[in-house]
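Below, each chain spelled out in residue letters.
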Amino acid sequence: FLLEQVLATCSRTLSARALDMCTGSGVIAVVLAKELGCPVVAVDISEAALRVAAKNFSRHQEADRIQPVCSDLFAALASNRKFDLIVSNPPYIAEEQIDRLEPEVCRSEPRLALSGGPGGMKIIEQIALEAHHFLQPGGWLFLEIGADQKKAVGDLFRLLAHRYREVQILDDWAGRPRVVQARHVPR
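Rules used throughout
Residues numbered from 1 in each chain as written. Predicted model: local features only at pLDDT ≥ 70, side-chain atom pairs only at ≥ 80, totals over all residues. Heavy atoms only, no water. 1 Å grid on protein atoms, 1.4 Å probe; cavity = no way out; pocket = protein on both sides within 12 Å on 5 of 7 lines; lining within 4 Å. Points joined across faces, edges and corners; volume = space filled by probe spheres on them. Helix = DSSP H or I, 4+ residues; strand = E, 2+ residues; numbered from the N terminus. Nonpolar A, V, L, I, M, F, W, Y, C, P; charged D, E, K, R; others polar. Buried < 20%, exposed > 50% of the residue type's maximum accessible area, 1.4 Å probe, protein only. Contact = heavy atoms within 4.5 Å. Arc of directions from axis to C-beta. Pairing = 2+ DSSP bridges. Axes fitted to C-alpha atoms, helices over the stretch in contact; angles between N-to-C directions. Lys, Arg positive; Asp, Glu negative; His and termini not counted. Salt bridge = Lys/Arg side-chain N within 4 Å of Asp/Glu carboxyl O. Polar contact = N/O pair within 3.5 Å; in protein donor to acceptor, adjacent residues only side chain to side chain.

I'd like a rundown of the layout of surface pockets, residues and numbers included.
Its boundaries defined by the atoms lining it, the largest pocket holds a volume of some 790 Å³. Lining the largest pocket are 32 residues, with Asn89, Pro91, Leu112, Ala113 and Leu114 sitting closest to its centre. For the lining of the largest pocket, the secondary-structure elements that each account for two or more residues are helix 2 (27–36), strand 2 (40–44), helix 5 (111–114) and helix 6 (122–131). Looking at the lining of the largest pocket residue by residue, the class counts come to 18 nonpolar, 10 polar and 4 charged.

Describe the environment of Cys10, and please don't skip the residues or the numbers.
Mapped onto the elements, Cys10 comes out in the loop between helix 1 (2–9) and strand 1 (18–21). Residue classification places Cys10 among the buried positions, given a relative accessible area of 13%. Cys10 sits 110 residues away from Gly120 along the chain, and the two C-alpha atoms are 28 Å apart. Non-local contacts of Cys10, meaning those with residues more than four positions away in its chain, are made with Leu36, Leu85, Trp140 and Phe142.

Mind laying out helix 1, listing which residues take part and the relevant values?
Of all the positions in helix 1, only Leu2, Leu3, Gln5 and Val6 are classed as buried. One side of helix 1 carries all its buried residues, which in axial view fall inside an arc of 160°. Elements in contact with the buried residues of helix 1: helix 2, strand 4 (83–88), strand 5 (135–144), strand 6 (164–171) and strand 7 (177–184).

A description of the sheet that holds strand 5 should follow, citing residues and the corresponding values.
As summarised here, the arrangement of the 7 strands in space is 3-2-1-4-5-7-6, forming an open sheet in which the pairing is mixed. Two strands close off the open sheet at either side, each with one partner strand: strand 3 (66–70) and strand 6. The mean inter-strand angle of the sheet, taken between neighbouring strand axes irrespective of direction, is 15°. The pairing of strand 6 with strand 7 spans 6 bridges and is classified as antiparallel. Bridging from a neighbouring strand, Leu170 pairs with Val179 of strand 7. The sheet contacts of helix 6 involve strand 1, strand 4, strand 5 and strand 6, and relative to strand 5 the element is tilted by about 170°.

Which residues make up the side chain of Asp44, and what values go with them?
In this fold, Asp44 is placed in strand 2. Within the buried set, Asp44 has no salt-bridge partner at all; the shortest N-O distance to an opposite charge, 11 Å, is to Arg51. Side-chain polar atoms of Asp44 contact the backbone nitrogen of Gly24, separated by 2.8 Å. Excluding residues within four positions of it along the chain, Asp44 makes contact with Cys22, Thr23, Gly24, Ala49, Leu50, Val69, Cys70 and Ser71.

By themselves, these figures tell us nothing about what the structure is for.
Quick look at the structure:
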């Protein structure tokens with residue numbers, strides 16, 4: 001659903017630059033590179049996840065267009081690096097709920113890939129607070145969110161109204177809030 005919203009909003013342009021924050025297996029980066037035809041920087045804090053992602057980039061013949069970067073969110077990116085699009089499926093599950101997830105989720109996914117801290121908002125907040133520094137004026141930010149985070153995410157982006165416009169929280173196919181999209185306010 002996240003990628004469907006990105007592709008419906010962003011047109012294919014060879015001059016675009018995209019950032020896949022919290023890339024995990026790299027599926028978002030691969031789809032962005034293939035569908036938008038643009039270079040992609042794929043960031044993850046986990047070196048193990050980036051090794052898996054690099055295999056997927058090669059498997060889908062996109063290794064030349066996707067640059068993997070090991071970083072704690074934006075920390076390793078040059079402050080003058082700008083993107084037209086930032087997409088993220090960050091960890092957004094509340095730490096206190098992880099042990100209550102289906103066993104196949106808890107056992108197959110590293111806790112680091114699931115936990116958004118208390119209330120699940122820690123990583124979402126960090127990305128929203130920092131992304132504008134790395135977005136071109138008018139650039140788009142897309143974040144997947146938990147279905148129970150609509151109010152908290154709405155409140156966060158109301159506080160950031162001086163940085164983002166055209167903010168929407170979109171419901172997925174099941175009618176649950178799932179994606180926030182926002183456009184960077186040009187200075």
